[in-house]
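Architecture at a glance
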Amino acid sequence: MFVLVVDNSPDDILLAVKTARSAGFTEIDARCSLESAQSWLEKRLQGTLPLPIAIVVDLDLGLDSGYELLRFRHATPAMSNVQIIVWTQLGDENREICELFGVEFYIPKWKGAEALQEALQGVNLTRP
């Protein structure tokens, strides 16, 4: 099981990676910027390496926005089966926008690693 973590906070990346491991993910890649994550995904789309089953993304990536990654996934048919977990400090007013992008889970960071782990464990592993 493979997950991608995209966050600009090193502490949050470490926590998300640790949480993904405890949720049973055996392969985890982490990126600290939108550009790095999108480039990494584009290389996988062009090659033979598999896409992650899920992406954990913060909406606030410093100068970038996690919404750009949601747009990229939404506009890329080959990524339609990649499930999205938004894990962010931004307010609940963003939840409805995320639903329009087909985000499976919206987790406020203030709920802690337990909520993130629950979302990761809820990822549909049998999705085509």
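Whatever comes next refers back to the structure up there.
Presented here is an overview of the structure given in this document.

Next up on the list: the overall build of the protein. Assigned secondary structure in the protein consists of five helices and seven strands. Computed over the C-alpha atoms, the radius of gyration of the protein is 13 Å, within 12% of the 14 Å expected from 2.2 N^0.38 for a compact globule of 128 residues. Along the longest, intermediate and shortest principal axes, the C-alpha atoms of the protein span 35 × 30 × 25 Å. Sorting the 128 residues of the protein into buried and exposed places 45% on the buried side. For the protein, long-range pairs separated by at least 24 residues make up 66% of all intrachain contacts whose partners lie at least 6 apart in sequence. When the accessible area of the protein is evaluated, it comes to approximately 6,800 Å², of which 52% is carbon and sulfur surface. Positive and negative side-chain charges of the protein, numbering 11 and 18 respectively, have mean locations separated by a distance of 6 Å.

Core analysis: the largest hydrophobic core is formed by 23 residues, its most contacted members being Ile 55, Leu 70 and Val 86. Breaking this core down by element, the ones donating at least two residues are β1 (2–6), α2 (34–46), β3 (54–57), α3 (66–75) and β6 (83–88). When sequence neighbours within four positions are dropped, the list of residues in contact with Val 86 reads Val 57, Leu 59, Leu 70, Cys 98, Val 103, Phe 105, Tyr 106 and Ile 107.

With respect to topology, five strands assemble into an open sheet ordered β2-β1-β3-β6-β7, the strand pairing being parallel. With one partner strand each, in any of the chains shown, β2 (27–31) and β7 (105–108) form the two edges of the open sheet. Across the sheet, the axes of successive neighbouring strands diverge by a mean angle of 15 degrees, strand direction being ignored. Each of β1, β2 and β6 is contacted by helix α1 (residues 10–22), which is oriented at about 165 degrees to β2, the strand it contacts most.

The subject of this paragraph is α2. Across its 13 residues, α2 extends 18 Å between first and last C-alpha, which sits within 8% of the 18 Å expected from 1.5 Å per residue. Along α2, the residues classified as buried are Leu 34, Ala 37, Trp 40, Leu 41 and Arg 44. One side of α2 carries all its buried residues, which in axial view fall inside an arc of 140 degrees. Across from the buried face of α2, at angles greater than 90 degrees, the exposed residues are Glu 35, Lys 43 and Gln 46. Close packing links the buried residues of α2 with β1, β2, β3, β4 (60–61), β5 (64–65) and α3.

This brings us to the packing of α2 against α3. Packing of α2 against α3 brings their axes to within 10 Å, and their N-to-C directions diverge by 15 degrees. The angle between α2 and α3 falls in the class roughly parallel. Where α2 crosses over α3, the handedness of that crossing is right-handed. Where α2 abuts α3, its residues Leu 34, Gln 38, Leu 41, Glu 42 and Leu 45 lie against Glu 68, Leu 69 and Phe 72. Across the contact of α2 with α3, the residue classes break down as five nonpolar, one polar and two charged.

Cut-offs applied
Residues numbered from 1 in each chain as written. Predicted model: local features only at pLDDT ≥ 70, side-chain atom pairs only at ≥ 80, totals over all residues. Heavy atoms only, no water. Helix = DSSP H or I, 4+ residues; strand = E, 2+ residues; numbered from the N terminus. Rg over C-alpha atoms; globule rule 2.2 N^0.38 Å. Buried < 20%, exposed > 50% of the residue type's maximum accessible area, 1.4 Å probe, protein only. Contact = heavy atoms within 4.5 Å. Areas by Shrake-Rupley, 256 points an atom, 1.4 Å probe, with all protein chains shown as cover. Lys, Arg positive; Asp, Glu negative; His and termini not counted. Charge placed at Lys NZ, Arg CZ, Asp CG, Glu CD. Core = buried A, V, L, I, M, F, W, Y, C linked by side-chain atoms within 4.5 Å. Pairing = 2+ DSSP bridges. Axes fitted to C-alpha atoms, helices over the stretch in contact; angles between N-to-C directions. Expected span 1.5 Å × (residues − 1). Arc of directions from axis to C-beta. Parallel < 35°, antiparallel > 145°, perpendicular 65-115°, else oblique. Left-handed = near helix turned anticlockwise from the far one by under 90°. Nonpolar A, V, L, I, M, F, W, Y, C, P; charged D, E, K, R; others polar.

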